[in-house]
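# Chain and residue survey
Below, each chain spelled out in residue letters.
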2 protein chains.
Amino acid sequence: MFSLKALVFDTFGTIVDWRGSIIAEGLQWGEAKKIHIDWAKFADRWRAGYSPSMNKVRTGELPWTKLDDLHRMTLDHLLPEFGIEGLAAEEKDHWNRVWHRLKPWPDSVAGLARLKSKYTIAPLSNGNIALLTDMAKYSGLPWDAILGAELVRHYKPDREVYLSAPDFLGVKASEVMMVAAHLGDLKAAQECGLRTAFLYRPNEYGPGARADQAKAGDFDILATNAVDLARQLGA
Amino acid sequence: MFSLKALVFDTFGTIVDWRGSIIAEGLQWGEAKKIHIDWAKFADRWRAGYSPSMNKVRTGELPWTKLDDLHRMTLDHLLPEFGIEGLAAEEKDHWNRVWHRLKPWPDSVAGLARLKSKYTIAPLSNGNIALLTDMAKYSGLPWDAILGAELVRHYKPDREVYLSAPDFLGVKASEVMMVAAHLGDLKAAQECGLRTAFLYRPNEYGPGARADQAKAGDFDILATNAVDLARQLGA
């Protein structure tokens, strides 16, 4: 087995269920506000703005912009699209911060706690530091440190983000494992010399929707969930 | 009472007892290696290199250099000064990382745990991220995030460090409280608009040595230890 000191994690989809969380909060909020829309579609449309908005930063069309602000730009288009008008600024802010309140998959906290007993664990996410810190408090994610795109002002899959993890943690790239449910994220990490673990999250995009799958040999580890990953790493 | 969302902490001397920890490890290591020197003096001399080495970075004489590397530069002068010769590179590395293994004051973990239940808590230290992350794991410091000089490549008391805390945590400067046992640190934080709490650590520099003291009105809170701080903040 290789020498491993730290694991860094994609969060949206890998550790937390962004889609289920947004739908649940949307239904509850909509009930109170008498807003009855297709919240699954709303969540999917919001997430669909994610890559294009980050790419504007990655290509230099936008200066460095935190993910909270990119989420807000997408939300500001989305609300009128769904016929939601007249929200107070605080209501929009609160709703935008639903991304700070995403809930973990059922195995995430238990798996992370086991991994933490043997390794340093941190998110390595495109979420900004406030988002990730709030999410950890809200959902009990036991990170040792909060790493991510904001610290180097680059979004994944830019190399700077992956290379920042061994640099901040004071270890070699080959001693860090990137854990994600997305092939593109892992391939980019692999090219930077990090170890990789694929975590299968079949329901990220909803029941019946296609989720990434990996095959043996593509990455160092294929795991069915975070507890399985801990077991395979002897934690 | 003011509105407060986060507390950020000086670590060396405020949360952990650097001097006692280095002396204890020095004695133990010296016993094994048959090196009998005045470990208190060794610890004090090592710490005496701290401000001058950081000032070289602050003034631009040195490019950005992590605290681990500044500690190592001081150590490389200190070992021959104390007649310690012929250490293997790994031994020097291990001994340099004693700063990653500093032990908390008896009240630190309990106080932080209480504060964490009500506020976001993070170090805001000149220690590099690896040092602070290792220290937290080693000593059970329950930080929500790891903040510090390395993230902005400036050492305290540069303003950039203090201003980075509200920026990374997504709150106003006045919603963040800097906690430290050192007047200079708190005054610099105050000038940046942060709230301040003085934590009295009479034994930081050893029994009988002078430690900073604050008087009523200098800062928002004067506390005798971390548990007292939690009590005063209703946590």
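Residues numbered from 1 in each chain as written. Chains lettered and ligands numbered in written order. Predicted model: local features only at pLDDT ≥ 70, side-chain atom pairs only at ≥ 80, totals over all residues.

### Examining the domain arrangement of chain A
Residue and element names in this part refer to chain A. Taken as a whole, chain A is organised into domain 1 (6–17 + 102–232) and domain 2 (18–101). Here the C-alpha centre of domain 2 lies 23 Å away from the C-alpha centre of domain 1. Each partner contributes residues to the interface: domain 1 has 21 residues there, and domain 2 has 15 residues. It is helix α7 (residues 129–139) that contributes the most residues to the side of domain 1 that touches domain 2, five residues altogether. A breakdown of the residues in the side of domain 1 that touches domain 2 according to their chemical character gives nine nonpolar, five polar and seven charged. (Domains from an automatic or database assignment. Contact = placed C-beta atoms within 7 Å. Helix = DSSP H or I, 4+ residues; strand = E, 2+ residues; numbered from the N terminus. Nonpolar A, V, L, I, M, F, W, Y, C, P; charged D, E, K, R; others polar.)

### Some thoughts on the relation of the copies chain B and chain A
Once chain B has been moved 0.0 Å along the axis and rotated by 180°, it coincides with chain A to within an RMSD of 0.0 Å. The operation mapping one copy onto its partner corresponds to a two-fold rotation axis. Rotation axis and chain B: the residue whose C-alpha lies nearest the axis is B:Ala145, separated from it by 2.7 Å. Taken together, the interface assignments show that 100% of the residues at the interface of chain B recur at the interface of chain A, consistent with an identical surface on both copies. (Least-squares fit on C-alpha atoms with pLDDT ≥ 70 in both.)

### Notes on the interface of chain B and chain A
Interfaces are often described in size by the accessible area the parts lose on coming together. Counting residues at the interface gives 14 residues for chain B and 14 residues for chain A. Those elements giving two or more residues to the side of chain B that touches chain A turn out to be α7 (129–139) and α9 (159–169) of chain B. With five residues, α7(B) is the single largest residue contributor to the side of chain B that touches chain A. Considered class by class, the residues forming the side of chain B that touches chain A number eight nonpolar, three polar and three charged.

### Digging into the sheet that holds strand β1 (residues 6–9) of chain B
All names here are of chain B. Read across the sheet, six strands follow the order β3-β2-β1-β4-β5-β6 without closing on themselves; strand pairing throughout is parallel. The open sheet has two edge strands with one neighbour each: β3 (147–148) and β6 (221–223). Note that β1 and strand β2 (residues 120–125) share four bridges and pair parallel. The partner of phenylalanine 9 across the bridge, within β2, is proline 123. Sitting on the sheet, helix α10 (residues 183–191) touches β4 (176–180) and β5 (195–199), and the angle it makes with β4 is about 165°. (Pairing = 2+ DSSP bridges. Axes fitted to C-alpha atoms, helices over the stretch in contact; angles between N-to-C directions.)

### Some remarks on the pairing of β2(B)
Residue and element names in this part refer to chain B. Counting buried positions along β2 gives six out of six residues, so the element sits mostly inside the fold. Here β2 shows two buried faces, one formed by Thr120, Ala122 and Leu124 and the other by Ile121, Pro123 and Ser125. Note: β2 against β3, two bridges, orientation parallel. Residue pairing for β3: serine 125 is matched across the bridge by glycine 148. Running through α7, the crossover from β2 to the neighbouring parallel element β3 is right-handed. (Buried ≥ 20, exposed ≤ 12 C-beta atoms within 10 Å, placed from the backbone. Right-handed = clockwise from strand over helix to strand, strands pointing away.)

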